[in-house]
Amino acid sequence: MELELYNSLTRKIEEFAPINPNLVTMYTCGPTVYNYVTIGNYRTYNFADILYRALQYKKYDVKHVMNLTDVGHLTGDNEGDADVGEDRLEKAAEKEGKSATEIADFYIEDFLEGSRSLNLLKPYKFTRATEYIQQQIDLVRTLEREGYAYKITDGIYFDTSKFKDYGVLSGLRPGEIKEGARVAINKEKKNPTDFALWKFSPKDSTRWQEWDSPWGKGFPGWHLECSAMCMAELGETVDLHLGGEDLKMIHHQNEIAQSEAATGKKFVNYWMHGAFLKVDNGRMSKSLGNAYTLDDIKAKGFTPLDLRYFYLSAHYRSALNFTWEALAASQVALKRLHNTLSGYKEVGGNLSSDFVYKFEEAVLNDLNMPKAVSVMWDLIKTDLPEGDKVQTLIHFDQVFGLDLQDYVGYEIPQDIIDLATTREQYRKSGIWDKADMIRRQIEGRGFEVEDQMNSFKLKKRF
Ligand SMILES: [Zn+2]
Ligand SMILES: [Zn+2]
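Here's a quick rundown of the structure.

About the cut-offs
- Residues numbered from 1 in each chain as written.
- Chains lettered and ligands numbered in written order.
- Predicted model: local features only at pLDDT ≥ 70, side-chain atom pairs only at ≥ 80, totals over all residues.
- Heavy atoms only, no water.
- Helix = DSSP H or I, 4+ residues; strand = E, 2+ residues; numbered from the N terminus.
- Rg over C-alpha atoms; globule rule 2.2 N^0.38 Å.
- Buried < 20%, exposed > 50% of the residue type's maximum accessible area, 1.4 Å probe, protein only.
- Contact = heavy atoms within 4.5 Å.
- Areas by Shrake-Rupley, 256 points an atom, 1.4 Å probe, with all protein chains shown as cover.
- Lys, Arg positive; Asp, Glu negative; His and termini not counted.
- Charge placed at Lys NZ, Arg CZ, Asp CG, Glu CD.
- Donors = N, O, S within 2.8 Å, 3.2 Å for Na, K, Ca; no water.
- Polar contact = N/O pair within 3.5 Å; in protein donor to acceptor, adjacent residues only side chain to side chain.
- Axes fitted to C-alpha atoms, helices over the stretch in contact; angles between N-to-C directions.
- Parallel < 35°, antiparallel > 145°, perpendicular 65-115°, else oblique.
- Nonpolar A, V, L, I, M, F, W, Y, C, P; charged D, E, K, R; others polar.
- Patch = residues over 30% accessible without salt bridge, like charges linked within 9 Å, V, L, I, M, F, W, Y side chains within 5 Å.
- Salt bridge = Lys/Arg side-chain N within 4 Å of Asp/Glu carboxyl O.
- 1 Å grid on protein atoms, 1.4 Å probe; cavity = no way out; pocket = protein on both sides within 12 Å on 5 of 7 lines; lining within 4 Å.
- Points joined across faces, edges and corners; volume = space filled by probe spheres on them.

1. Examining the overall build of the chain
Across its full length, the chain carries 14 helices and 15 strands. The C-alpha radius of gyration computed for the chain amounts to 25 Å, which stays within 12% of the reference 23 Å derived for 462 residues, consistent with globular compactness. With the C-alpha coordinates aligned to their principal axes, the bounding extent of the chain is approximately 75 × 50 × 45 Å. Relative to its full complement of 462 residues, the chain shows a buried share of 55%. Summarising the internal contacts of the chain: among those between residues at least 6 apart in sequence, 74% fall at separations of at least 24. Summed over its atoms, the accessible surface of the chain is roughly 20,600 Å², and 48% of this surface lies on carbon and sulfur atoms. The centroid of the 58 positive side-chain charges in the chain is displaced by 0 Å from the centroid of its 70 negative side-chain charges.

2. Examining the coordination of the zinc ion (ligand 1)
For the zinc ion (ligand 1), every protein donor is listed as Cys-29 (SG), His-241 (NE2) and Glu-255 (OE), and the spread of their distances is 2.0 to 2.1 Å. Along the chain, the residues that donate to the zinc ion (ligand 1) are spaced as C-x211-H-x13-E. Between the zinc ion (ligand 1) and the zinc ion (ligand 2) the interatomic distance comes to 3.2 Å, and Cys-29 is a ligand of both metals. Of this pair, Cys-29 sits in the loop between β3 (23-28) and α1 (39-57) while Glu-255 sits in helix α6 (residues 248-263), and the two are 226 residues apart along the sequence. Both residues of the pair, Cys-29 and Glu-255, belong to the buried class.

3. Section: the side chain of His-315
With respect to the helices, strands and loops of the structure, His-315 is situated in the loop between α8 (304-311) and β13 (320-322). In terms of polar contacts, His-315 uses its side chain to reach the backbone carbonyl oxygen of Asp-366, at 2.7 Å. Excluding residues within four positions of it along the chain, His-315 makes contact with Arg-43, Asp-366, Leu-367, Asn-368 and Pro-370.

4. Details of the packing of α8 against helix α9 (residues 324-343)
Look at α8 against α9: their axes get within 8 Å of each other, and the N-to-C directions meet at 100 degrees. Regarding the angle of α8 to α9, the classification is roughly perpendicular. Every residue of α9 that contacts α8 at Leu-305, Asp-306, Leu-307, Tyr-309 and Phe-310 is listed here: Ala-326, Leu-327, Ser-330, Gln-331, Ala-333 and Leu-334. A per-class count over the contact of α8 with α9 returns eight nonpolar, two polar and one charged.

5. A word on a negative patch on the surface
A surface patch of like charges, here negative, comprises Glu-109, Glu-113, Asp-295 and Asp-296. At the level of secondary structure, the elements contributing two or more residues to the negative patch comprise α3 (100-117) and α7 (294-299). Of note, Glu-109 is situated in helix α3. Taking relative accessible area as the criterion, Glu-109 reaches 44% and is therefore assigned partly exposed.

6. Re empty space enclosed by the protein
This structure, assessed with the given rule, holds two cavities of 30 Å³ or more. Residue lining of the largest cavity: 14 residues in total, with Asn-46, Phe-47, Tyr-311, Ala-314 and Tyr-316 positioned closest to the centre. For the lining of the largest cavity, the leading source of residues is α1, giving five residues. Grouping the constituent residues of the lining of the largest cavity by class yields nine nonpolar, four polar and one charged.

Note that every value here comes from positions in space, so none of it alone points to a role or purpose.
Structure, rendered in structure tokens:
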């Protein structure tokens, strides 16, 4: 069965065919690291993770890059006002009395920890915008040379009227701007859709983060970083580029314009966008006090995996409404799933090809995870042998990422425990070769031993 995905560029479901049949290139627009990542943003990264896992399930090697924006993203908004306001990192630094780098380091650490707790598989690379300043300057120079850039009082801008395909993703033509945008139009811009490539540092103050450039001291525009890093890491044309739906209209349109204007090549073959997470059927926002973080949900007794299960309850292109009741229902369901697994005593068996087929029918059809979850429950309800169920559920979990194998009820034979205990003594005495030998023996018996601070944990391998 082939993987089919909805491409925002063509507005159609298409069969996925990567440029290189063996290696998929994938870029996800990651967080701006000036604050805790909300469960709304995590929904987008969870969607990226499901895609990543589905590609791996299809046996592709995947080079997944996610950026970490640590400069240049302004407070305006992600749409019509993206060039307006203060730099989010600079503002947070001022507020928290730290340097911009300290702010970034802190929130990146928190994000990485949060991602791990949600079982988001680690990308091939996280790229920080401040580590690609030279590539960004080079890109602006190219655009300048090709006649797409012009200079005004506060920076270097991209002339959208020069790029004939402007609007191909957003439907927005040069000169138009999103209806209702509260843009204080910069009178010097040639077209309202023009956007900053490089912004000059203010004359009267020093920024935490600024760099010399051919145009003077300043910092890169927000859209620029993703083009520069995506092309630097994955090449001029990539297979997949993802982000939240709020990035489609302006950010991604601008990425296309500046990348394709610079290279003359198609930038991205498949654009994919995840829908918003709503809260109590309304908007999630910091000002409404409902921009919940992982810490907020943990404080109420939920685990990150409860949240992951909740994310699976809606298709990635549909809005998902967060309520505490809905999260509680997901928690109950996940617990029931874990309990069911721990009740299974037979673990050896065969994949149910029937159910694998139904599962693939769901997942490979534009990642229909709610359907895949219901296939999983249908499987549990059948009278197939327990061992077949266990094997099939663990097979599904390659995409679900719910740690199912940790819950399967099985007993560890006493002699395996004895072996591990002996090994632990060797390890404590620093006799590593013997410890390693026993580890291999344990693995040969289908178990693995995980070292902990002062003990060990044994797990069955599936
Ligand atoms: Zn992007
Ligand atoms: Zn981006």
